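Each chain is listed here by its residues.
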Amino acid sequence: MIQNKLFRDSLAAIPEEQKAEFELSFGIAERMDEILKEKNISQRELARRLGKRESEVSRWLTGRHNFTTSTIAKIETALGSPLVQITR
């Protein structure tokens, strides 16, 4: 439980939409990291497969990148595993 009132108040002031965006971005980054580890693929190798710089892949893994659906699709294809699953 968060004890610091200022922190609690600051967290409560963040709009729900923004909280949801953070959760999605961090969730995608965590899933990407899991797949890389499961398949023993380095950031360098993923960058090579995507024609990107390793530093860009590293930034993606921080969870602070605003992924487009196009980027997600390219990453999923390069990894051969889904990052996001849509259920109805």
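Higher on the page you've got the structure.
What you see is a predicted model, and the numbers here were worked out from it, not measured in a lab.

K.L.:
Account for the overall build of the protein chain, naming residues and giving values.
P.N.:
When helices and strands are counted, the protein chain shows five helices and zero strands. Ordered by position from N to C terminus, the α and β elements of the protein chain give α-α-α-α-α. Computed over its C-alpha atoms, the radius of gyration of the protein chain comes to 16 Å, more than 25% above the 12 Å expected for a compact globule of 88 residues. Structurally, the protein chain occupies a C-alpha span of about 45 × 30 × 20 Å along its principal axes. Put simply, 56% of the contacts in the protein chain that link residues at least 6 apart link residues at least 24 apart.

K.L.:
Give a detailed account of the packing of helix H3 (residues 43-50) against helix H5 (residues 69-79), specifying residues and quantitative values.
P.N.:
At a minimum axis distance of 10 Å, the contact between H3 and H5 shows a crossing angle of 115 degrees. Relative to H5, the element H3 is oriented roughly perpendicular. Where H3 crosses over H5, the handedness of that crossing is right-handed. Here Leu46, Arg49 and Leu50 of H3 lie close against H5, whose contacting residues are Lys74, Ile75, Ala78 and Leu79. Tallied by class, the residues present in the contact of H3 with H5 amount to five nonpolar, no polar and two charged.

K.L.:
Lay out the environment of Trp60 in plain terms, naming residues and giving numbers.
P.N.:
Along the polypeptide, Trp60 turns up in helix H4 (residues 54-60). Accessibility expressed as a relative area gives 2% for Trp60, which makes it buried. The spatial distance from the C-alpha of Trp60 to the C-alpha of Glu17 is 20 Å, given a sequence separation of 43 residues. Sequence-distant contacts of Trp60, that is, excluding residues within four places in its chain, are made with Ala29, Met32, Leu50, Lys52, His65, Phe67, Thr71 and Ile75.

K.L.:
Explain the pattern of salt bridges residue by residue, including any values.
P.N.:
Evaluation of the coordinates by the stated rule reveals six salt bridges. Where Asp33 meets Lys37, a salt bridge forms, and the shortest distance between an N and an O atom there is 3.0 Å. With Asp33 and Lys37 both in helix H2 (residues 16-38) and four residues apart, the pair spans about one turn of that helix. Glu45 serves as the salt-bridge partner of Arg49, at 3.0 Å between the closest nitrogen and oxygen. In this pair, Arg49 and Glu45 are both assigned in helix H3, four residues apart and thus about one turn of the helix distant. Arg49 sits in the partly exposed class, given a relative accessible area of 39%. Several salt bridges share partner residues, and in doing so they unite Glu45, Arg48 and Arg49 into one network.

What counts as what
- Residues numbered from 1 in each chain as written.
- Predicted model: local features only at pLDDT ≥ 70, side-chain atom pairs only at ≥ 80, totals over all residues.
- Heavy atoms only, no water.
- Helix = DSSP H or I, 4+ residues; strand = E, 2+ residues; numbered from the N terminus.
- Rg over C-alpha atoms; globule rule 2.2 N^0.38 Å.
- Contact = heavy atoms within 4.5 Å.
- Axes fitted to C-alpha atoms, helices over the stretch in contact; angles between N-to-C directions.
- Parallel < 35°, antiparallel > 145°, perpendicular 65-115°, else oblique.
- Left-handed = near helix turned anticlockwise from the far one by under 90°.
- Nonpolar A, V, L, I, M, F, W, Y, C, P; charged D, E, K, R; others polar.
- Buried < 20%, exposed > 50% of the residue type's maximum accessible area, 1.4 Å probe, protein only.
- Salt bridge = Lys/Arg side-chain N within 4 Å of Asp/Glu carboxyl O.

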